[in-house]
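# Observations on chain architecture
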Amino acid sequence: MEKSNIDEKIKLLTGNGMWHTQETEDLPSVHLSDGPHGLRKQEEKERQNNVSLVSTCYPTASALACSWDVTAAERLGRAVAKEAWNADVAVLLGPGINMKRSPLCGRNFEYFSEDPFLAGRLGAAYVSAAQGEDVAVSLKHFAANNQETNRQTANSQIDERALREIYLSAFEYVVKTARPATVMASYNRLNGYYACENRHLLTEILREEWGFDGVVISDWGACADLAKAVKAGMDLEMPDSHGIHARKLKAALKAGEISEEDIAKATGRIEKLVKKYAPDNRAKKDTSDAHEIAKQLACESAVLLKNDGILPISQDADVVVIGALAEQMRFQGGGSSHINTASFPNALDALRKLGVTVTYAPGYSLKDEENRELEEQALALAAGLGLTAVGVAAAPWALSAMGTPADIMDFALIYLRVYMLGTIPSFLYNVGSGILRAVGDTRRPLYFLIIACLVNIALDVVLVAVLGMGVGREWVGDICVMGDTAYIFCLPSVHRHLLSIDKVGRCGVTAENIAPEDVPQAKREVKEKS
């Protein structure tokens, strides 16, 4: 192999800047961009996560999984891919299908479930639909990436049976059935070897056993030794390492630590990817229904656990809304999947638009401090009104950015306890433990829309509306007033034994009696009965 040829091949193995592959004489450079629940396309020089192209924020994987609906995952994948196509993005970085093994993982909102069966089916539906729009996906984070704290040094020690049955099962299903164009190798070590350098993971299992023939991409900054990584089965280091790793790779080649054949295999796979997915005078796809799709998916992801006749709220009802998040809504997580959205209505706007008379009080501060004045104002407001009350409650930062300390609980396991102690609903600020407390009055009908998953709620209505529902604002009005809510039989992100649920949905189908494969038929039966 001529020197100029091998130099060009080595060049292809590392990124060009933050978001692009390298350009060669025969290949264009293509753009890779974050999903997974919305497009986060950034300019090369931008380093602030929240500064990106305006796009639609769809429900996160954690919310969508509450639908137990593969068609919902398909619609999500298709919608995000269309926006990526229009932005000349070749590779969409998602979906994430890791298992939720700790409530402290700051990236759990990007993952579907702690159940490999559910994560695999939804992940496969997303991948097939997205790539059906001619945009490549990157299935992530492979593998056993279960914490953000010390993620670049953590070592997931897992025996072979647990690895196969729990941590790799969803990946195996998606790779074999949906054939993702790329797989993203994670930051962590697995049984002593970094994922990017783990031959057993990337070559023996992924390629030889499962038949994967696509590109393995490093998570951003996860590649520590390019020569070892390429030899193990990784192809593309992202982002670029300013030539450092390329020089070390040349030295390793000269020392005989890696072969030209190893390098040629990796570059060949990258060339194949670029040739198939590079933008080429693309005609724009119709995305005029993007917001409506996001809204529909959010409604379908809500879970009605209990309804003693309070819902739907009459459109001519007088409603007290207590909770600052009704006005300043949190509807997505932080970090690399943070979507820069267009302006949107909040819960108060949505209720008023639907004709509901709303009286509002913040009740608490969104800052990390207790505000007794706001609490007292809310108490005084509710004490003087014999009205139906809608409480919108959540921890001010219930969803953390990647790598936040362990005092921020994953929203899917926030324990929200309602104590029947007072006369009116009162919301206390988040004290850092992820536990939100509320006080309610059993003598009047109360409706609480909880923007978080929860357990053991003693109210007339319990609707679990997962924080991360994307357009988490307009669906509030739809569900409260119209009763337009999906029938869901199990929360995929909450251990079932923690839940105190007698009936699920309006027709009393018990979660324990529904097997995953029977969910579609059960949902049809519920809809017919209702």
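Okay, so let's go over this structure. (Residues numbered from 1 in each chain as written. Predicted model: local features only at pLDDT ≥ 70, side-chain atom pairs only at ≥ 80, totals over all residues. Heavy atoms only, no water.)

A count of helices and strands for the chain gives 15 helices and 17 strands. A total of 530 residues make up the chain; the buried ones form 59% of that total. Put simply, 74% of the contacts in the chain that link residues at least 6 apart link residues at least 24 apart. Entry remark: accessible area of the chain is about 21,000 Å², with carbon and sulfur atoms responsible for 48%. (Helix = DSSP H or I, 4+ residues; strand = E, 2+ residues; numbered from the N terminus. Buried < 20%, exposed > 50% of the residue type's maximum accessible area, 1.4 Å probe, protein only. Contact = heavy atoms within 4.5 Å. Areas by Shrake-Rupley, 256 points an atom, 1.4 Å probe, with all protein chains shown as cover.)

This paragraph deals with the sheet that holds strand E3 (residues 136–142). Backbone hydrogen bonds are what pair the strands of a sheet, in a parallel or an antiparallel way. Reading across from one edge, E1-E2-E3-E5-E8 is the order of the 5 strands in this open sheet, with parallel pairing throughout. Of all strands in the sheet, those with a lone pairing partner are strand E1 (32–34) and strand E8 (215–218), marking the two edges. Here the average twist between neighbouring strands, direction ignored, is 30°. One ladder, built from 2 bridges, connects strand E2 (residues 91–93) with E3; its direction is parallel. Residue pairing for E3: Leu 92 is matched across the bridge by Val 137. Set on the sheet, helix H10 (residues 260–277) makes contact with E2, E3, strand E5 (182–185) and E8; between it and E8 the angle comes to about 100°. (Pairing = 2+ DSSP bridges. Axes fitted to C-alpha atoms, helices over the stretch in contact; angles between N-to-C directions.)

Right, let's get into the nonpolar core. Counting residues in hydrophobic clusters, the biggest one holds 98 residues, and the most contacted among them are Tyr 58, Phe 142 and Trp 220. Of all hydrophobic cores here, the second largest spans 11 residues; its members include Ala 317, Val 319, Leu 351 and Val 356. (Core = buried A, V, L, I, M, F, W, Y, C linked by side-chain atoms within 4.5 Å.)

Below, the discussion takes up the pattern of salt bridges. In this structure the tally under the stated criterion is 18 salt bridges. Taking the shortest distance from any N to any O, the salt bridge between Arg 107 and Glu 110 comes out at 3.2 Å. As far as the burial class goes, Arg 107 and Glu 110 line up, both buried. Among the ionic pairs, Arg 164 bridges to Glu 209, the shortest N-O distance being 2.7 Å. Of the two residues, Arg 164 sits in helix H5 (residues 160–167) while Glu 209 sits in helix H7 (residues 199–209), which places them 45 residues apart along the sequence. Ionic contacts of the salt-bridge type, sharing partners, join the residues Arg 107, Glu 110, Lys 140 and Asp 219 into one network. (Salt bridge = Lys/Arg side-chain N within 4 Å of Asp/Glu carboxyl O.)

Before going further, it helps to examine the environment of Leu 190. For Leu 190, the location among the structural elements is in strand E6 (residues 189–190). Measuring from C-alpha to C-alpha, the distance between Leu 190 and Asn 155 comes to 5.6 Å, with 35 residues separating the pair along the chain.

As a further point, take the sheet that holds E6. The 3 strands lie next to each other as E4-E6-E7, forming an open sheet whose pairing is mixed. Edge positions in the open sheet fall to strand E4 (155–156) and strand E7 (193–194), since each of these has one partner strand only.

The N-to-C vectors of helix H4 (residues 116–131) and helix H6 (residues 169–178) enclose an angle of 30°; their axes lie 8 Å apart at closest approach. Judged by the inter-axis angle, H4 sits roughly parallel to H6. When the axes of H4 and H6 are compared, the crossing they make is right-handed. Side by side, H4 and H6 meet where Pro 116, Ala 119, Gly 120, Arg 121, Gly 123, Ala 124, Val 127, Ser 128 and Gln 131 of the first sit next to Ser 169, Ala 170, Tyr 173, Val 174, Thr 177 and Ala 178 of the second. Of the residues in the contact of H4 with H6, the class split is 8 nonpolar, 6 polar and 1 charged. (Parallel < 35°, antiparallel > 145°, perpendicular 65-115°, else oblique. Left-handed = near helix turned anticlockwise from the far one by under 90°. Nonpolar A, V, L, I, M, F, W, Y, C, P; charged D, E, K, R; others polar.)

Looking now at the packing of aromatic side chains. Overall, the coordinates contain 3 aromatic pairs when judged by the stated rule. Considering the side-chain rings of Trp 19 and Trp 220, the 5.6 Å spacing of their centres and the 35° angle between planes classify their relative orientation as tilted. In this pair, Trp 19 is assigned in the loop between helix H1 (3–12) and E1 and Trp 220 in the loop between E8 and helix H8 (226–232), connecting sequence segments 201 residues apart. We note that Trp 19, like Trp 220, is buried. Among the aromatic side chains, those forming a connected cluster through ring pairs are Phe 142, Phe 171 and Trp 210. Sitting above the plane of the Phe 117 ring, Arg 121 keeps its charged end 4.1 Å from the centroid. Across the ring face of Tyr 173, the terminal group of Arg 121 is positioned such that the distance to the ring centre comes to 3.8 Å. (Phe/Tyr/Trp six-rings, centres within 6.5 Å; stacked < 30°, edge-to-face > 60°. Lys NZ or Arg CZ within 6 Å of the ring centre and 35° of its normal.)

Let's shift gears to the state of the cysteines. Tallied over the full model, the rule gives 0 disulfides. In this model Cys 223 remains outside any disulfide bridge; the closest cysteine sulfur is found in Cys 196, 5.6 Å from its own. (Disulfide = S-S within 2.5 Å.)

Okay, the environment of Leu 379 next. If you trace the backbone, Leu 379 turns up in helix H13 (residues 372–383). Relative accessible area serves as the criterion here: at 22%, Leu 379 is assigned to the partly exposed category. Through-space distance from the C-alpha of Leu 379 to that of Gly 363 is 8.0 Å; in sequence the pair is 16 residues apart.

A cis amide bond, omega 5°, links Gly 94 with the succeeding residue Pro 95. The topology assignment puts Pro 95 in the loop between E2 and H4. Although it is not a glycine, Trp 68 adopts a positive phi angle of roughly 50°. Looking at the secondary structure, you find Trp 68 in the loop between helix H2 (61–64) and helix H3 (70–86). For Trp 68, a relative accessible area of 15% translates into the label buried. You will see that Ala 144, though not glycine, has its phi angle at about 60°, which is positive. Along the chain, Ala 144 falls in the loop between E3 and E4.

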